[in-house]
Structures are given as C-alpha cells and as structure tokens.
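# Notes for the structure review
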Amino acid sequence: QVQLVESGGGLVQAGGSLRLSCVASGRTFSTYAMGWFRQAPGKEREFVAAISRSGTDTGYVDSVKGRFTISRDNAKNTVYLQMNSLKPEDTAVYYCAARSAAYYGGSDSRYYAYWGQGTQVTVST
C-alpha cells in the first residue's frame, strides 16, 4: 500500500507556472505507475498526465500537451507536474494517483488504486 501527499498548488495569473509535487510513502515507489488527474467544480475528474514506473514513457491529455510535463524521481519517492502557460480553464483540484501491477498507468482512473488528497490550482485572468 502507498500513501500520497500532493503539494505546490496555489493561485497564479494566466500565463504563469506552477510545479506540483506528490510524495509517496513506502519503499516500493518505483513499482507504481503514476498519474495526475484534475477535477473542476461541477465537472467529472479528468486525466491530465501519466508516467511509467521507470519514467521513460509519458502521456498527456491533448489540452495540456506542450504546456505540462510529468516527471518522477524514484530516489525521492516523488512525482512532479510542471505546469507552464497556465490558463483559467486549468483551474481545478489536482490529484496524483498510483497504479500497481502495471508498467504504465494510462488515462483510466479506475485502474489507479491509490489517491492523494488533492491540491487546489487556481488560475486568474
């Protein structure tokens, strides 16, 4: 089992940047594929980005491609989401998630068994 704690959210103007971090407990972080999801008020939770256990493979939802970068540091049990050129429509609670028994987690939230508590990102105009 793994526990996830996100940080790094906040209020930023459109065009600005934020870096989210998600620290995992335990000594088996490298065995989990990781993902970032977000949920805006009144909307369904949506996939943002995913990264394989080794960090070699990544994937993004079309709306963030070229602006967001997911990465991980297995030595620090941490996955990151670098968010640049932020837009008001990026405003949401961002969650990191872990999927076991898979090299790459993908975009379907149903396959992720472990979730953090979320961190709020607000982008103002």
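Please refer to the structure placed before this passage.
Below is a short write-up of the structure. This is a predicted model, so every value here is computed, not measured. (Residues numbered from 1 in each chain as written. Predicted model: local features only at pLDDT ≥ 70, side-chain atom pairs only at ≥ 80, totals over all residues. Heavy atoms only, no water.)

### Structural notes on the side chain of Arg99
Mapped onto the fold, Arg99 is located in strand β9 (residues 92–99). A polar contact of 2.8 Å, which involves the side chain of Arg99, links it to the backbone oxygen of Gly105. Excluding residues that lie within four positions of it along the chain, Arg99 makes contacts with Thr31, Tyr32, Ala33, Tyr104, Gly105, Tyr111 and Tyr112. (Helix = DSSP H or I, 4+ residues; strand = E, 2+ residues; numbered from the N terminus. Polar contact = N/O pair within 3.5 Å; in protein donor to acceptor, adjacent residues only side chain to side chain. Contact = heavy atoms within 4.5 Å.)

### Side note on the state of the cysteines
Scanning the entire structure with this criterion turns up one disulfide. Sulfur-sulfur distance for the disulfide between Cys22 and Cys96 comes to 1.9 Å. Disulfide Cys22 to Cys96: torsion about the S-S bond roughly 45°, handedness right-handed. One end of the pair, Cys22, is in strand β3 (residues 18–24); the other, Cys96, is in strand β9, with 74 residues separating them in the sequence. Accessibility assignment for this pair places Cys22 and Cys96 in one class, buried. (Disulfide = S-S within 2.5 Å. Buried < 20%, exposed > 50% of the residue type's maximum accessible area, 1.4 Å probe, protein only.)

### What about the sheet that holds strand β8 (residues 78–83)?
The strand order across the open sheet built from four strands is β1-β3-β8-β7, with neighbouring strands paired in antiparallel fashion. Every interior strand has two partners, whereas the edge strands, β1 (4–7) and β7 (68–73), have only one. Between one strand and the next, the sheet's axes are offset by a mean angle of 15°, whatever the strand orientation. Here β3 runs beside β8; their pairing, made up of six bridges, is antiparallel. (Pairing = 2+ DSSP bridges. Axes fitted to C-alpha atoms, helices over the stretch in contact; angles between N-to-C directions.)

### Notes on the pattern of salt bridges
Using the criterion set out here, one finds five salt bridges in the structure. The shortest N-O distance in the salt bridge between Asp62 and Lys65 comes to 3.0 Å. Overall, Asp62 belongs to the exposed group, its relative accessible area being 61%. As a salt-bridge pair, Asp90 and Arg67 come within 2.8 Å of each other at their nearest N and O atoms. One end of the pair, Asp90, is in the loop between β8 and β9; the other, Arg67, is in the loop between β6 (58–60) and β7, with 23 residues separating them in the sequence. As far as burial versus exposure is concerned, Asp90 and Arg67 are alike and both buried. (Salt bridge = Lys/Arg side-chain N within 4 Å of Asp/Glu carboxyl O.)

### Examining unusual backbone geometry
Here Asn77, not a glycine, exhibits a phi torsion of approximately 55°, which is positive. Secondary-structure assignment places Asn77 in the loop between β7 and β8. With relative accessibility at 15%, the residue Asn77 sits in the buried group. The backbone phi angle of Ala101 is positive, close to 55°, even though this residue is not glycine. Within the secondary structure, Ala101 is located in the loop between β9 and β10 (114–115). Given the relative accessible area of 79%, Ala101 is considered exposed.

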